[in-house]
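The residues making up each chain are set out below.
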Amino acid sequence: MNARPSSVTPAVPDTPPEPEPARPIGERAAEEFVAARTVHPGADPQLGVELEWLLVDKRQPRERIPFDTAQAALADAAGFPTLATLTWEPGGALELSSRPASTVPAALAEMTTDLAAVRSALGKAGISLVGAGLDPVRPPHRLLDAPRYAAMEAYLDRRGDAGRWMMTGTASVQVCVHSGHEGRGPLGFRERWRLAHDLGPVLVATFANSPIARGLPTGWRSTRQAIWAALDPSRTRAPVGDDPREAWARYALDAGVLCVRTENGPWLVPDGLTFRDWIRTGLPRPPTADDLAYHLTTLFPPVRPRGYLELRMIDAQPGDRWTVPFAVATALLTDARAADRAADACEPLRRVPRVWQDAARHGLTRPAFATAAATCFEAALDALPRLGAPPLVSARVAQYAERFVARGLTPADTLLDKLRVRSEDDQAALWTASEQ
């Protein structure tokens, strides 16, 4: 959701000459522009993770923490590491984005170090980091007043309040992996693109952790995923096609234009204008390559290609449990043997109608998802030693499999059980439950 470039940026291979940013871009040039940024099979394999956290003052769990208060707590921290990039979401959530790493241990070590420092700094100010896919207590409320967020709010408000919930009340674990290599086989970029989309609903179901809003059950295990699905589908559904370059170029040009930036005054918020329409009509002004590059930052499919693949479908997890979806997704997508097993396990889900919605609503209570998840965890546990994963992380994956996957349960089911026994006014109990 951020306008900034991600910190996980593989080296860029040779690409077609770029159009001049200030000159209008044509339709063919726009397709080439997007395709050149979709996969970078010649880049060195790299990994990364982006963690979003809800910030909570347990003394006042119903109130949002002022942005300046949280920012000051981090600014005042002595000896604070700066390996990860820290950014703020419009509702005051904090995101940590790792640097590119070449190995699983390196990615885990850097993020673990920075996360401990962030927790310590905020804890001294009485602020907790909560890993939950959706704020279970507070209604949506935007804290940051920037042209991007004002335009996004205006655009998404046309489809209801899901946009405000997405911008200010959701959090995720985003796993970033190399886009894959040239050629065929489980590590090829086309096969990795397909597997990432087949695996996505299994990850939604397995790590569902957002069943509550405003203190009440929503009817979904992953309400966060349901919220994303309720937004403008031209920018949140999965692209269609087995060739990621063609699929993403077509998707990007046919997606609605969220905003037209202006130098002075509020940004324009078109209604029903795709980027392809913008090129063809030239209205309200001809778009440029820079406009197209910005447009790409406003597209939020479950798997977003940015030269690497960014998996955006996983609910935030409490404590250090983010290491589990990171380890599982990384193992299944980057280890050839694990990728083969995961592809076979997930293939039957291709025949499930509305598979993303089914995963979000039912989690692992559906046998098809539970069976696929069990095989995927077995494959990941087999692969993690080959990838050099620390034994502690493999142990967490095994514990998660035993606690949830083997029983057909998700963290959402645990939260719902705790909701049933709390007192009506005990809002803090929901935050405490979300941290366990």
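Up top you'll find the structure we're talking about.
Residues numbered from 1 in each chain as written. Predicted model: local features only at pLDDT ≥ 70, side-chain atom pairs only at ≥ 80, totals over all residues. Heavy atoms only, no water.

Trainee: Where do I start with the packing of helix H1 (residues 27-36) against helix H11 (residues 289-296) in this structure?
Mentor: In a pair of packed helices, the angle between the axes and the distance between the axes together describe the arrangement. Direction vectors running N to C along H1 and H11 enclose 45°, while the axes themselves pass 11 Å from each other. Classed by the angle they form, the pair H1 and H11 counts as oblique. Note that H1 runs across H11; the crossing there is right-handed. Where H1 approaches H11, its residues Ala-30, Phe-33 and Val-34 are matched on the opposing element by Ala-289, Leu-292, Ala-293 and Leu-296. Within the contact of H1 with H11, the residues separate by chemical class into seven nonpolar, no polar and no charged. (Axes fitted to C-alpha atoms, helices over the stretch in contact; angles between N-to-C directions. Helix = DSSP H or I, 4+ residues; strand = E, 2+ residues; numbered from the N terminus. Parallel < 35°, antiparallel > 145°, perpendicular 65-115°, else oblique. Left-handed = near helix turned anticlockwise from the far one by under 90°. Contact = heavy atoms within 4.5 Å. Nonpolar A, V, L, I, M, F, W, Y, C, P; charged D, E, K, R; others polar.)

Trainee: Please clarify how helix H14 (residues 355-362) should be interpreted in this entry.
Mentor: Given 3.6 residues per turn, any residue in an α-helix points the same way as the ones three and four places further on. Burial of H14 is extensive: six of the eight residues sit out of reach of the surface. Where H14 is concerned, the buried positions are Val-355, Trp-356, Asp-358, Ala-359, Ala-360 and His-362. On its buried side, H14 packs onto helix H6 (189-206), helix H7 (223-230), strand S9 (308-315) and helix H15 (367-383). Where H14 terminates, the next one or two residues include Gly-363, which has phi positive at roughly 60°. (Buried < 20%, exposed > 50% of the residue type's maximum accessible area, 1.4 Å probe, protein only.)

Trainee: Looking at this model, I keep getting lost on the nonpolar core. Mind explaining?
Mentor: Note that soluble globular proteins tend to have their nonpolar side chains buried in a common cluster. The biggest cluster of nonpolar side chains holds 101 residues, and the ones touching the most others in it are Leu-55, Leu-94, Leu-122, Leu-199, Trp-322, Leu-332 and Phe-377. Take this core: its biggest share by element is nine residues, from H15. Discounting residues that sit within four places of it in the chain, Trp-322 has contacts with Val-49, Leu-51, Trp-53, Leu-108, Met-111, Thr-112, Leu-115, Val-173 and Gln-317. Core analysis: the next-biggest nonpolar cluster, separate from the first, contains 20 residues, Val-34, Ile-279, Ala-289 and Leu-292 among them. (Core = buried A, V, L, I, M, F, W, Y, C linked by side-chain atoms within 4.5 Å.)

Trainee: What is the right way to read the pattern of salt bridges from this model?
Mentor: With the rule as written, the count across this model stands at 34 salt bridges. Put simply, Glu-27, Glu-31, Asp-254, Arg-276 and Arg-280 are held in one network by salt bridges that share partners. (Salt bridge = Lys/Arg side-chain N within 4 Å of Asp/Glu carboxyl O.)

Trainee: Is there a simple way to think about the environment of Asp-335 in this case?
Mentor: Structurally, the position occupied by Asp-335 is in the loop between helix H12 (323-334) and helix H13 (336-346). Look at Asp-335 and you get buried, because its relative accessible area is 9%. Spatially, the C-alpha atoms of Asp-335 and Asp-382 are 9.9 Å apart, while their sequence positions differ by 47 residues. Asp-335 has contacts with Leu-187, Thr-330, Ala-383 and Arg-386, leaving out every residue within four places of it along the chain. Separated by 2.8 Å, the side chains of Asp-335 and Arg-386 make a polar contact. (Polar contact = N/O pair within 3.5 Å; in protein donor to acceptor, adjacent residues only side chain to side chain.)

Trainee: For this particular structure, what's the right way to read the side chain of Arg-321?
Mentor: Summarising the element assignment, Arg-321 is placed in the loop between S9 and H12. No salt bridge is formed by the buried Arg-321; the nearest opposite charge belongs to Asp-315, separated by 9.4 Å. Here Gln-317 takes part through its side chain, which lies 3.4 Å from a polar atom of the side chain of Arg-321. (Lys, Arg positive; Asp, Glu negative; His and termini not counted.)

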